[in-house]
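Residues per chain, in single letters:
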Amino acid sequence: LSLSHAVPPINVASGGSSFLPALPEFSVDPRLASVSLMALSMALHYLGYEFARSATVALFTSSRTGRTPGWGRSSAALGAAMAAVCPLSAIFLSGYSRLLAECGPRVALRATSGACAAVLAAAAALVGRLSNASLPPPASPSTCRALAAALFVFRESYVQLVGTQHWSFMGSVLTPAEG
């Protein structure tokens, strides 16, 4: 993969410390570095998605997970959740396009990635709280089911938006011959 256009390479000077040996001097094409880091970011995004996918499917399709009631094997609930993915994706896309126009692609990617991570972390903490047998139940079974459904729909919607942003960045950096 050759990414040598009119962009000067980044020179990384050798340096050492008392703990690390000195590194030889080398140069990295900034386009190659940015595409490589974006590919790593996308890989981590999909790794997080796979963890969220297995957890949300288990929460949504199980009749009970710990103390948290689920939907069981209700095909109507699964169909309704899948039908809600498109409208939520459209809402996400509308917010993303507004953010992109106002702040630019760098801020938009950081904001959407950070927001997705925050929502998933908050949901994990809430599910952990609801499943803790030593605490009194803070929510009704219908609230727990609604949380599982919302998390399921969110997970299906956000992966499309953030994954597309990664691909879009790489497509804007690489030429057709390189990509």
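Rules and cut-offs
- Residues numbered from 1 in each chain as written.
- Predicted model: local features only at pLDDT ≥ 70, side-chain atom pairs only at ≥ 80, totals over all residues.
- Heavy atoms only, no water.
- pLDDT = per-residue confidence, 0-100.
- Helix = DSSP H or I, 4+ residues; strand = E, 2+ residues; numbered from the N terminus.
- Axes fitted to C-alpha atoms, helices over the stretch in contact; angles between N-to-C directions.
- Parallel < 35°, antiparallel > 145°, perpendicular 65-115°, else oblique.
- Left-handed = near helix turned anticlockwise from the far one by under 90°.
- Contact = heavy atoms within 4.5 Å.
- Patch = residues over 30% accessible without salt bridge, like charges linked within 9 Å, V, L, I, M, F, W, Y side chains within 5 Å.
- Areas by Shrake-Rupley, 256 points an atom, 1.4 Å probe, with all protein chains shown as cover.
- Salt bridge = Lys/Arg side-chain N within 4 Å of Asp/Glu carboxyl O.
- Buried < 20%, exposed > 50% of the residue type's maximum accessible area, 1.4 Å probe, protein only.

**Quick notes on the confidence of the model for the protein chain**
Thought 1: Residue-level pLDDT values for the protein chain average 78, and 75% of them are 70 or greater.
Thought 2: Between the elements of the protein chain, mean pLDDT differs from a low of 51, seen in strand S1 (residues 10-12), to a high of 88, seen in helix H2 (residues 75-103).

**Structural notes on the packing of helix H3 (residues 105-131) against helix H4 (residues 141-173)**
Thought 1: Interhelical geometry of H3 versus H4 gives an angle of 155° and a closest axis separation of 11 Å. Taken together, the axes of H3 and H4 lie roughly antiparallel to each other. Classified by chirality, the crossing of H4 by H3 is left-handed. Listed contacts from H4 to Ala108, Leu109, Thr112, Ser113, Cys116, Val119, Leu120, Ala123, Leu126, Val127 and Leu130 of H3 are Cys144, Leu147, Leu151, Phe154, Tyr158, Leu161, Val162, Gln165 and His166.

**Quick notes on a nonpolar patch on the surface**
Thought 1: A grouping of Leu37, Leu40, Leu44, Leu47 and Phe51 is seen on the molecular surface, where their side chains present a nonpolar patch of about 550 Å² in accessible area.
Thought 2: Take Phe51: it is sitting in helix H1 (residues 30-61).
Thought 3: What makes Phe51 exposed here is its relative accessible area of 58%.

**Structural notes on the pattern of salt bridges**
Thought 1: On inspection of all chains with the given rule, the structure shows two salt bridges.
Thought 2: As a salt-bridge pair, Glu50 and Arg53 come within 2.9 Å of each other at their nearest N and O atoms. Placement of both Glu50 and Arg53 in helix H1 is noted, with a separation of three residues, approximately one turn of the helix.
Thought 3: Taking the relative accessible area as the measure of exposure, Arg53 reaches 34% and is therefore partly exposed.
Thought 4: Across the pair Glu156 and Arg155 runs a salt bridge, and its minimum N-O distance is 2.2 Å. Accessibility classification places Glu156 together with Arg155 in one group, the buried group.

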